[in-house]
Amino acid sequence: MRKKYNDLYLDDNPLEEVPLQEYPRMQFKRTSYLCLNGVWDIEISKSNELPAKYSSQVIVPFPIESKLSRINKKLKKGEFIYYHRFFKISNSFNIGRIIIHFDAIDQIGDVYINGKQVMHHEGGYLPFEVDITDYVKEENEVVVKVQDDLNKMYGYGKQAIKSKGMWYTKTSGIWKTCWIESVPDKYFKNIKIDTTLDEVTIKVNSDILKKQIIIFSNDNKQIYRFKNDEIKIKIKNPINWTPENPYLYHFILKGENDYVESYFALRTLKAGEYQGYPCLLLNDKPYFFNGLLDQGYYPDGLLTPKTYKKYEDEINTVKKLGFNTLRKHIKIEPDYFYYLCDKLGIIVFQDFVNNGSYSYLNDTILPNIGLTKRLKKGFTTRNIIKEQFKKETKATIEMLYNHPSVVYYTIFNEGWGQFDADKMYDYVKELDSTRIIDTTSGWFKSNKSDVISEHIYFKDIKFNKEMKPIILSEFGGYVFKVLEHSYNLSRTYGYKLFKTQEEYQDALNKLYKEKILPFAFKGLSGCIYTQISDVEDETNGILTYDRKMVKIKDPILPDINKI
């Protein structure tokens, strides 16, 4: 009997002693940094009380269901995960205040320092922090209690109790970097960056009076002093950011005893017109967004890559193949991912993470055959779920606001957890008017959206002239299954099967040549092919799940933006 699943995924390279130890916020970087990734004690139990002992160890920040965590166990409903470790705070490290950061804990986390609860956080994809100055001493104990029953009140993305098809293995616990920094009593809490094509506005949240900013451009530097919480600076000889030339302006923000390194880029995105057709303009020029759907799953770490070089390699690979955009699908990555997109030059279409209900019949089957009228009772109605989604949406925008690579938000995907779509458009637009908003990606259209967003898998791809730019936000999903690099050997999920690499490549070339190129810049402003890699049962990626094989050899739509 042939075995069902493939176990070849862990590569030969050992984990670093402190995995993913790069500084986590490259747009807000201090010299003070203590990474808490690595070996922690762990106890999994149904008890609501902190354990007296810990029976095993885990590698943070990999979810416990992953192989890299060394636990490789599914968390059962009603169980709690207890993480435990010690850390030291030296006199030289402590310059005033001590802040502990958790970049994501799925789903509900409680943090204890030296036996005292200091934080309760709900939601599995976004960062949070807490000032622990009043609780720490030289030697310290931290315990993190996690509950994850896959409660659909919170964002859950593609997670499922039983993975199948387009739904993947549930992930629990600490799955992004946790770290500590020390800041002076008066410090920069955050910054907000807005740019035009030749100007930057930096808003500072702090109680520091005298501030200084030093901007570096090539071999030159400019120094500006200011006292208010906002400074607007005209940039001489501006260089605009594009995927083809991802130029970043680095700067230093100084204030009394605080010192932060950051960067910005000069770029704009808006809707406009080209040769009589609506289109999207990058830096006031028509731009075609040729992208891939990016789920962000890995066979050994699930939501968490083994190293950040995995991100870097993927970005470089897809750029070489002619793509310039990734649609980050129903997942919020670590901040370091978006830094790499800024630095390497890849556009990000960012989805908000769905909560609420999902119906396979109403949200997938019927719309795919053209039946998109849905009963109102099928949409999310509970106010507590709506408010949680709005809370997580706001936090997502705050996290990503300064990243130039992020140009586009998708609020609802295919009706998953959808509610009050027009009101949510207004809500997001008020929070961030600088990005393009795709209110309802796929179907169940709203009146308010910056684009017409279509998913087309089983129908002929063609478009009528619209009043708004069109984004083909999902299409393709062609399957070329490579057994030795596949997760599920007996089950294949995708939309059209090809037996050889040559047939697969030819079909893709034909799809783009006959169905995409004729509409490019004639109403169609972008397309998102499904998808960047295989994921578990899904074998419709241009990369295999282990990322060891690229299934296509020739670039797709090379130089399309040279118009």
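Check the entry above for the structure.
Residues numbered from 1 in each chain as written. Predicted model: local features only at pLDDT ≥ 70, side-chain atom pairs only at ≥ 80, totals over all residues. Heavy atoms only, no water.

Caption draft 1: Expanded view of the packing of aromatic side chains. Following the criterion strictly, the structure yields 42 aromatic pairs and no others. Between Y457 and Y495, the aromatic rings sit 4.3 Å apart at their centres with planes inclined by 35 degrees, giving tilted as the arrangement. With Y457 in the loop between β30 (452-456) and β31 (470-476) and Y495 in the loop between β32 (478-479) and β33 (496-497), this pair connects stretches of sequence that are 38 residues apart. According to the relative accessible area criterion, Y457 is buried, its value standing at 14%. Taking the relative accessible area as the measure of exposure, Y495 reaches 23% and is therefore partly exposed. Relative to F498, the ring of Y478 has its centre 5.3 Å away and its plane inclined at 50 degrees; by these criteria the two rings are tilted. Highlighted residues: Y478 in strand β32 and F498 in the loop between β33 and α6 (501-516), separated in sequence by 20 residues. A residue is classified by how much of its surface remains accessible, and Y478, at 11% relative accessible area, is buried. An aromatic cluster of three or more residues is present, and its members are Y263, Y298, Y308, Y311, Y336, F337, Y338 and Y339. (Phe/Tyr/Trp six-rings, centres within 6.5 Å; stacked < 30°, edge-to-face > 60°. Helix = DSSP H or I, 4+ residues; strand = E, 2+ residues; numbered from the N terminus. Buried < 20%, exposed > 50% of the residue type's maximum accessible area, 1.4 Å probe, protein only.)

Caption draft 2: Region of the structure containing the sheet that holds strand β18 (residues 220-226). On the basis of which strands lie adjacent, the open sheet formed by four strands has the order β18-β17-β20-β21 and antiparallel pairing. With one partner strand each, in any of the chains shown, β18 and β21 (258-264) form the two edges of the open sheet. Strand-to-strand twist across the sheet, computed as the mean angle between neighbouring axes with direction ignored, equals 20 degrees. When strand β17 (residues 211-217) meets strand β20 (residues 249-255), the two strands line up antiparallel, connected through five bridges. Pairing of I215 across the sheet is with F251, part of β20. (Pairing = 2+ DSSP bridges. Axes fitted to C-alpha atoms, helices over the stretch in contact; angles between N-to-C directions.)

Caption draft 3: Structural detail: the pairing of strand β29 (residues 436-441). In terms of burial, β29 is a largely internal element, six of the six residues being buried. Here strand β28 (residues 406-413) pairs with β29 via five bridges, running parallel. Each bridged residue has a counterpart across the sheet, and for T410 the counterpart in β29 is D438. Crossover connection from β28 via helix α5 (residues 421-431) to parallel β29: handedness right-handed. (Right-handed = clockwise from strand over helix to strand, strands pointing away.)

Caption draft 4: Broad picture of unusual backbone geometry. In this chain, D106 is followed by Q107 through a cis amide linkage whose omega measures 5 degrees. When you line up the elements, Q107 lands in the loop between β6 (105-106) and β7 (108-113). Phi at E256 is positive, roughly 50 degrees, even though this residue is not glycine. In this structure, E256 sits in the loop between β20 and β21. Within the chain, D420 stands out as a residue other than glycine whose phi angle is a positive 40 degrees.

Caption draft 5: Molecular detail of the nonpolar core. By size, the foremost hydrophobic cluster in this structure holds 109 residues, and its most contacted members are Y512 and Y529. At seven residues, helix α2 (residues 335-344) tops the list of elements feeding residues into this core. With sequence-adjacent residues up to four places away left out, Y512 is seen in contact with N290, F323, F475, L517, P518, C527, Y529, I556 and L557. Of all hydrophobic cores here, the second largest spans 31 residues; its members include V60, I71, V118 and V144. (Core = buried A, V, L, I, M, F, W, Y, C linked by side-chain atoms within 4.5 Å. Contact = heavy atoms within 4.5 Å.)

Caption draft 6: Highlighting the layout of surface pockets. Put simply, the largest pocket is a space of about 1100 Å³. Together, 44 residues line the largest pocket, and P127, N190, A395, E398 and M399 are the ones closest to its centre. Of all the elements in the fold, those that place two or more residues in the lining of the largest pocket are β5 (97-102), β8 (116-122), β9 (128-131), β14 (178-183), β15 (190-195) and α4 (383-400). For the lining of the largest pocket, the element with the highest residue contribution is α4, accounting for nine residues. Grouping the constituent residues of the lining of the largest pocket by class yields 19 nonpolar, ten polar and 15 charged. The space that makes up the second largest pocket amounts to roughly 440 Å³. (1 Å grid on protein atoms, 1.4 Å probe; cavity = no way out; pocket = protein on both sides within 12 Å on 5 of 7 lines; lining within 4 Å. Points joined across faces, edges and corners; volume = space filled by probe spheres on them. Nonpolar A, V, L, I, M, F, W, Y, C, P; charged D, E, K, R; others polar.)

Caption draft 7: Quick peek at the sheet that holds strand β16 (residues 199-205). Spatial ordering of the open sheet is given by β15-β16-β19, a layout of three strands whose pairing is antiparallel. The outermost strands of the open sheet, each flanked by one partner alone, are β15 and β19 (230-234). On average, each strand axis in the sheet is tilted by 15 degrees relative to the strand beside it, whichever way the strands run. Looking at chain direction, β16 and β19 are connected through five bridges and run antiparallel.

Caption draft 8: Fine view of a nonpolar patch on the surface. Taken together, Y360, L361 and I365 make up a surface patch of nonpolar side chains, about 290 Å² in accessible area. Mapped onto the elements of the fold, I365 is located in helix α3 (residues 360-368). Judged by relative accessible area, which is 33%, I365 ranks as partly exposed. (Patch = residues over 30% accessible without salt bridge, like charges linked within 9 Å, V, L, I, M, F, W, Y side chains within 5 Å. Areas by Shrake-Rupley, 256 points an atom, 1.4 Å probe, with all protein chains shown as cover. Salt bridge = Lys/Arg side-chain N within 4 Å of Asp/Glu carboxyl O.)

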